[in-house]
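Fold and contact review
The lines below spell out each chain.
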Amino acid sequence: MKKLTDYNKAFFIGIGGIGMSALARWFNHSGYTIGGYDRTPSDITNNLIKEGAEVIYDDCEEAIPGIFKTDTDKTLAVYTPAIPTDSEILNFFNAAGYDVVKRSVALGIIAQSSYAACIAGTHGKTSVSTMAACILNQTRIGVNAFLGGISKNFNSNVVIKPESPWVVIEADEFDRSFLTLYPQIALISSMDADHLDIYGSKSEVEKAFKSFVSQVKTDGVVIVKKGVNITKEANKNARFYSYALDTEADFYAKNIRIENSKYIFDIATPDGVIENIPLGMPALYNVENAVAATAVAYFAGAGGSEIRCGLESYAGVRRRFDIRFKNADLVYIDDYAHHPEEIKACLRSVRDFYPDRKITVLFQPHLYSRTRDFAGEFAEALDMADNVIITDIYPARESPIEGVTSEIIFDKMKLKNKKLCPFNRLLREAGQVNSGVLLTMGAGNIDSLIEPIHEALIK
């Protein structure tokens, strides 16, 4: 592949994805003419159009804007592995001789010219990445960042500061994408079985994470959550550190308490304790995420006051324990949780903050394969709520699997107050909840209900 400077145009196949749109914004800011394809319009694609991108929604060669059909050698085509291999647009770019690369390859090339702090993990990486970016944004040198969600601080999934030598990257394990990255700092937040449609087994997931760690640069830093099975054997040339919520590690929280609806805590570091850090975000797991982000920022050069200021200013990420409505009777929270461990963590945090309220969950399973592989674990996690409504599986990139429906989770649940509901009736079900905590969960198009639910509640 040529250098990025050899191109002046870029077309993104799957431009509406959170990672792809971050890349598209970076290319746009860097002076490229950009365009892309996605299946359906969304807030992300609408905003990209406002920023100057040409976006199409028909997967056919004729729909591709003419400007991307000239100067083949000056146009880079970038695709997400979630795009089907029979995509007409993808096959057009391949057949016509364009340079065509995966998103992860393009991101890896951008990262090569920077000090990369890469946050990996089967869950937790979006919040940790965004917190780390908020902290480093307080420093004199600033930061670039590619995030897996829309940061409320930056109102974007990308932070661009060309003069900064540092880039924070959410390192995605899906399709082994993170193996295109060679970090200065790598953090591993979790290593649970997931994406088994790609990996086949948990041991293969672990093997990929260890390969990722092996790519950390000589004398670089590896930060691993205490209890995650990655040791120095994975990279003998890097320095290893641990972090934890509140058990002793190289980085951990002490004196955790809630004051005026905020967590206040101290963070122990190898150089001492940073005291009285206020975190405006609810959820105890966000305190753990704050410890992880502190470790990343610490090795990137942030001082104690910058860490405290960055965490205090952290406003959260859309769809991560996102409180959308609150009154005396009802709290409405939206969360991206789509793995059993994420659901458990979210529900534990709701119980911590609202111990006397009943919790109603509207859950959309994501992927047939994940539903099949973790039906029992999903049932156990959802049983932690008081009422659960499960809708149809969101297929994303997959074709249906015979015998796999939302019902296989439903049947394994012990909770009595449970219901199966078609997607087109979810909004009506949400309207029946007038007290307690209402929680929408899932990584599919359940996000299309967030605004309608919010609008109904504020009337």
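None of the values given here were measured: they were computed from a predicted structure. (Residues numbered from 1 in each chain as written. Predicted model: local features only at pLDDT ≥ 70, side-chain atom pairs only at ≥ 80, totals over all residues. Heavy atoms only, no water.)

Focus: the overall build of the protein chain
When its secondary structure is counted, the protein chain shows 15 helices and 21 strands. Viewed in the frame of its principal axes, the protein chain has a C-alpha envelope of about 65 × 55 × 45 Å. Every one of the 459 residues in the protein chain was classed for burial, and the buried ones make up 55%. For the protein chain, contacts bridging at least 24 residues in sequence account for 65% of all contacts bridging at least 6. If you sum the accessible surface of the protein chain, you get close to 18,800 Å²; carbon and sulfur atoms cover 46% of it. Across the protein chain, the centroid of the 49 positively charged side chains sits 3 Å from that of the 58 negatively charged ones. (Helix = DSSP H or I, 4+ residues; strand = E, 2+ residues; numbered from the N terminus. Buried < 20%, exposed > 50% of the residue type's maximum accessible area, 1.4 Å probe, protein only. Contact = heavy atoms within 4.5 Å. Areas by Shrake-Rupley, 256 points an atom, 1.4 Å probe, with all protein chains shown as cover. Lys, Arg positive; Asp, Glu negative; His and termini not counted. Charge placed at Lys NZ, Arg CZ, Asp CG, Glu CD.)

Details of the confidence of the model for the protein chain
Taken as a whole, the protein chain shows an average pLDDT of 92; of its residues, 98% reach a score of 70 or greater. In the model of the protein chain, helix 6 (residues 196-199) stands out as the element of lowest mean pLDDT, 65, in contrast to strand 12 (residues 239-243), which has the highest, 98. (pLDDT = per-residue confidence, 0-100.)

Quick notes on the sheet that holds strand 7 (residues 144-151)
Spatial strand order, 8-7-9-6-10-11-12: seven strands in an open sheet with mixed pairing. The sheet terminates laterally at strand 8 (156-159) and strand 12, the two strands that pair on one side only. The sheet shows a mean angle of 20° between the axes of neighbouring strands, direction not considered. Two strands pair when backbone bridges link them, and strand 11 (residues 221-225) and strand 12 are joined in this way by five bridges, in the parallel orientation. When the bridges of strand 12 are listed, Ile-223 appears paired with Tyr-241. (Pairing = 2+ DSSP bridges. Axes fitted to C-alpha atoms, helices over the stretch in contact; angles between N-to-C directions.)

Examining the pairing of strand 14 (residues 262-269)
The buried fraction of strand 14 amounts to seven of the eight residues, a majority that puts the element mostly inside the structure. In the sheet, strand 14 pairs with strand 15 (residues 272-279) via six bridges, with the strands oriented antiparallel. The residue of strand 15 that forms the bridge with Phe-265 is Ile-277. Between strand 14 and strand 15, which pair antiparallel one after the other, the connecting turn spans two residues.

Re the environment of Pro-365
Secondary-structure assignment places Pro-365 in the loop between strand 18 (359-363) and helix 11 (368-373). We classify Pro-365 as buried; its relative accessible area is 0%. Placed 40 residues apart in sequence, Pro-365 and Thr-405 show a C-alpha to C-alpha distance of 9.1 Å.

Some words on the side chain of Ser-129
With respect to the helices and strands, the residue Ser-129 is situated in helix 5 (residues 125-136). In this structure Ser-129 touches Ile-119, Leu-147, Val-168, Ile-169 and Glu-170, once residues within four positions along its chain are discounted.

Considering unusual backbone geometry
Phi at Asp-71 takes a positive value of approximately 50°, unusual for a residue other than glycine. Summarising the element assignment, Asp-71 is placed in the loop between strand 3 (54-56) and strand 4 (75-79). Relative accessible area serves as the criterion here: at 46%, Asp-71 is assigned to the partly exposed category. Located in the positive-phi region is Phe-321, a residue other than glycine, with phi close to 45°.

A word on the pattern of salt bridges
According to the stated counting rule, one finds 19 salt bridges in the structure shown. Put simply, Lys-236 and Glu-233 hold a salt bridge, and the shortest N to O gap is 3.7 Å. Accessibility expressed as a relative area gives 59% for Lys-236, which makes it exposed. Taken together, the shared-partner salt bridges connect Lys-152, Asp-322, Arg-324 and Glu-451 into one network. (Salt bridge = Lys/Arg side-chain N within 4 Å of Asp/Glu carboxyl O.)

Section: helix 15 (residues 450-458)
Those residues of helix 15 lying buried are Ile-450, Ile-453 and His-454. Viewed end-on, helix 15 has its buried residues packed into an arc of 100°, placing them on one side of the element. Buried residues along helix 15 sit in contact with strand 16 (322-326), strand 17 (330-335), helix 14 (426-431) and strand 21 (436-441). (Arc of directions from axis to C-beta.)

Observations concerning the packing of helix 1 (residues 18-29) against helix 4 (residues 103-112)
For the pair helix 1 and helix 4, interaxial distance at closest approach is 11 Å and the crossing angle is 45°. Relative to helix 4, helix 1 is oriented oblique. The crossing of helix 1 and helix 4 is left-handed. Between helix 1, through Gly-19, Met-20, Leu-23, Trp-26 and Phe-27, and helix 4, the contact on the second element is made entirely by Arg-103, Ala-106, Leu-107 and Ile-110. Split by residue class, the contact of helix 1 with helix 4 holds seven nonpolar, one polar and one charged. (Parallel < 35°, antiparallel > 145°, perpendicular 65-115°, else oblique. Left-handed = near helix turned anticlockwise from the far one by under 90°. Nonpolar A, V, L, I, M, F, W, Y, C, P; charged D, E, K, R; others polar.)

Some remarks on the packing of aromatic side chains
Per the counting criterion, the structure on display carries 19 aromatic pairs. Each ring, one from Phe-27 and one from Tyr-32, has its centre 4.8 Å from the other, and the planes form 65°; the classification is edge-to-face. Taking 4.7 Å as the distance between ring centres and 75° as the angle between the ring planes, the aromatic pair formed by Phe-93 and Tyr-98 counts as edge-to-face. Each residue in the set Phe-11, Phe-68, Phe-92, Phe-93 and Tyr-98 is aromatic and connected to the rest through ring pairs, giving one cluster. Over the ring of Phe-92 we find Lys-69; its NZ or CZ atom is 5.9 Å from the centre of that ring. Over the aromatic face of Phe-410 sits the side chain of Lys-418, whose NZ or CZ is 4.5 Å from the ring centroid. (Phe/Tyr/Trp six-rings, centres within 6.5 Å; stacked < 30°, edge-to-face > 60°. Lys NZ or Arg CZ within 6 Å of the ring centre and 35° of its normal.)

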